[in-house]
Amino acid sequence: MGKVWLVTGASRGLGREIARAALDAGETVVATARSGDAVLEAFGSDNDRLHALALDIVDGDAAKSVAAEVAARFGRIDVLVNNAGYAELGFFETFTDAEVRRQFAVNLFGTMNVARAVAPHMRLRRSGLIVTISSVSGLVSNAGGAVYSASKFAVEGWMEGFAQELAPFGIRSLLVESGMLRTEFMDRKSASFGSIDVPDYAEAVAQFRAFVDGANGNQPGDPTLLAARIVALASQDETPSRFVFGDDVRQWANAKVDQLRQEIAQSADRA
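For the structure given in this document, a descriptive report is provided here. The structure displayed is predicted, hence computed values, not measured ones.

**Points about the sheet that holds strand 2 (residues 28-33)**
Then, number 1: Read across the open sheet, the 7 strands follow the order 3-2-1-4-6-7-9; overall the sheet is parallel. Since the sheet does not close on itself, it has two edges, and those belong to strand 3 (50-54) and strand 9 (242-245), each with one partner. Each strand axis lies, on average, 15° off the axis of its neighbour in the sheet, ignoring direction.
Then, number 2: Two elements, strand 6 (residues 128-133) and strand 7 (residues 171-178), share 6 bridges in a ladder whose sense is parallel. Across the sheet, the residue bridging to Leu-129 is Arg-172, located in strand 7.
Then, number 3: Along the sheet face, helix 3 (residues 60-74) touches strand 1 (4-7), strand 2 and strand 3 and points at about 155° away from the line of strand 3.
Then, number 4: Of the strands in this sheet, strand 6, strand 7 and strand 9 are in contact with helix 5 (residues 146-166), which crosses strand 7 at around 160°.

In structure tokens form, the structure reads like this:
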């Protein structure tokens, strides 16, 4: 049977590619999305190692039920891929409080719900791997990405600490920080824009939306390659705590590291 994978947000985008790569490697995959039918539409129903379940990660009780069902059916959950999420793209003052809270409800609290549901089953067996799909936006924030980055920065901080709490039980953690991938992530089904019109930002917002529309479908990163790398890393006895994927994210991350070093040095000079 190989490893048992539980993948959230598996009906499209990177989640679909990860589920597909795991299936190709001979693994058993429980693929979830808000609609189980959407998963079946994405994969078909002719693979007996694919099991589709409905899961809205915002619902903590549903996450616990899915984790319990998977553990009862297969006896274990070897790999959790916490992938489900979306982006609120735009300038901060154009978002309502409800829109900001929705971003955190999905990207942070929903991701926490699934990890909280799966971790006890992994602790019971003293083994497992939690793959958390973050982003370059969890390392670097730019104009137009403040709200999305805030949610991913929070995911990074939470998972960095949680991983240390889980390590004594044989549970590994992998944070994946990718650059721009050629998925549907930037289309209007996955990305939202602020609903408040702020005239001072009108020109900048228009330029940012034009950038997003132009980038959609033309992103440099190959999601199938990233998915294959994640599956390969999951097969190793040891995994890095972070995996940075894409020339763009390496460039941005290195620039952020250089900036931090400079600011730390300047702070020391001023002490």
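**Thoughts on unusual backbone geometry**
Then, number 1: In this structure, Arg-126 takes a positive phi of about 55° despite not being glycine.
Then, number 2: Relative to the helices and strands, Arg-126 is located in the loop between helix 4 (97-125) and strand 6.

**Describing the packing of helix 3 against helix 4**
Then, number 1: The N-to-C vectors of helix 3 and helix 4 enclose an angle of 30°; their axes lie 8 Å apart at closest approach. The orientation of helix 3 relative to helix 4 falls into the category roughly parallel. In this structure, the crossing between helix 3 and helix 4 has a hand that is right-handed. Note on element contacts: helix 4 touches helix 3 through Asn-113, Val-114, Ala-117, Val-118 and His-121, opposite Gly-60, Ala-63, Lys-64, Ala-67, Ala-68 and Ala-71.
Then, number 2: For the contact of helix 3 with helix 4, the per-class residue count stands at 7 nonpolar, 3 polar and 1 charged.

**Considerations on the nonpolar core**
Then, number 1: In terms of nonpolar packing, the biggest core is built from 32 residues, with Leu-6, Val-70 and Val-118 touching the most fellow members.
Then, number 2: Mapped by element, the contributors of at least two residues to this core are strand 1, helix 3, helix 4, helix 5 and strand 7.
Then, number 3: A per-element tally of this core places helix 4 first, with 9 residues.
Then, number 4: With sequence-adjacent residues up to four places away left out, Val-118 is seen in contact with Leu-6, Ala-67, Ile-77 and Leu-80.
Then, number 5: By size, the runner-up hydrophobic cluster in this structure holds 30 residues, among which are Val-81, Leu-174, Leu-226 and Phe-245.

**Quick look at helix 3**
Given 3.6 residues per helical turn, the α-helix brings residues three or four places apart onto the same face.
Then, number 1: For helix 3, built from 15 residues, the straight-helix expectation of 21 Å at 1.5 Å per residue is met to within 8% by its first-to-last C-alpha distance of 21 Å.
Then, number 2: Taken together, the buried positions of helix 3 are Ala-63, Val-66, Ala-67, Val-70, Ala-71 and Phe-74. Each buried residue of helix 3 sits inside an arc of 125° when the element is viewed along its axis, so together they form one side. Facing away from the buried side of helix 3, by more than 90 degrees, are the exposed residues Asp-61, Ala-72 and Arg-73.
Then, number 3: Buried-residue contacts for helix 3 involve strand 1, strand 2, strand 3 and helix 4.
Then, number 4: The distance from a side-chain oxygen at the start of helix 3 to the backbone nitrogen of Asp-61 is 3.1 Å, and the residue carrying that oxygen is Asp-59.
Then, number 5: One or two positions beyond helix 3, positive phi appears at Gly-75, with a value near 85°.

**Things to note about the pattern of salt bridges**
Then, number 1: Scanning the model with the defined rule gives 10 salt bridges in all.
Then, number 2: Three or more residues are tied together by salt bridges with common partners; here these are Glu-156, Glu-160, Glu-177 and Arg-242.

**Notes on the pairing of strand 7**
Then, number 1: Burial of strand 7 is extensive: 7 of the 8 residues sit out of reach of the surface.
Then, number 2: Sheet topology places strand 7 next to strand 9; 4 bridges connect them, and they run parallel. The residue of strand 9 that forms the bridge with Val-176 is Phe-243.

**Regarding the packing of aromatic side chains**
Where two aromatic rings form a pair, the distance of their centres and the angle of their planes describe that pair.
Then, number 1: On inspection of all chains with the given rule, the structure shows 4 aromatic pairs.
Then, number 2: Note on Phe-91 and Tyr-201: the rings are 5.3 Å apart at their centroids and 50° apart in plane angle, and the pair reads as tilted. In this pair, Phe-91 is assigned in the loop between strand 5 (87-89) and helix 4 and Tyr-201 in the loop between strand 8 (191-193) and helix 6 (202-215), connecting sequence segments 110 residues apart.
Then, number 3: Owing to a relative accessible area of 15%, Phe-91 belongs among the buried residues under this scheme.
Then, number 4: We classify Tyr-201 as partly exposed; its relative accessible area is 25%.
Then, number 5: Summarising the aromatic geometry, the rings of Phe-193 and Phe-208 are spaced 6.4 Å apart at their centres and angled 70° between planes, so their arrangement reads as edge-to-face.

Rules behind the numbers
Residues numbered from 1 in each chain as written. Predicted model: local features only at pLDDT ≥ 70, side-chain atom pairs only at ≥ 80, totals over all residues. Heavy atoms only, no water. Pairing = 2+ DSSP bridges. Helix = DSSP H or I, 4+ residues; strand = E, 2+ residues; numbered from the N terminus. Axes fitted to C-alpha atoms, helices over the stretch in contact; angles between N-to-C directions. Contact = heavy atoms within 4.5 Å. Parallel < 35°, antiparallel > 145°, perpendicular 65-115°, else oblique. Left-handed = near helix turned anticlockwise from the far one by under 90°. Nonpolar A, V, L, I, M, F, W, Y, C, P; charged D, E, K, R; others polar. Core = buried A, V, L, I, M, F, W, Y, C linked by side-chain atoms within 4.5 Å. Buried < 20%, exposed > 50% of the residue type's maximum accessible area, 1.4 Å probe, protein only. Expected span 1.5 Å × (residues − 1). Arc of directions from axis to C-beta. Polar contact = N/O pair within 3.5 Å; in protein donor to acceptor, adjacent residues only side chain to side chain. Salt bridge = Lys/Arg side-chain N within 4 Å of Asp/Glu carboxyl O. Phe/Tyr/Trp six-rings, centres within 6.5 Å; stacked < 30°, edge-to-face > 60°.

Treat this as a map of the structure, not an account of what it does.
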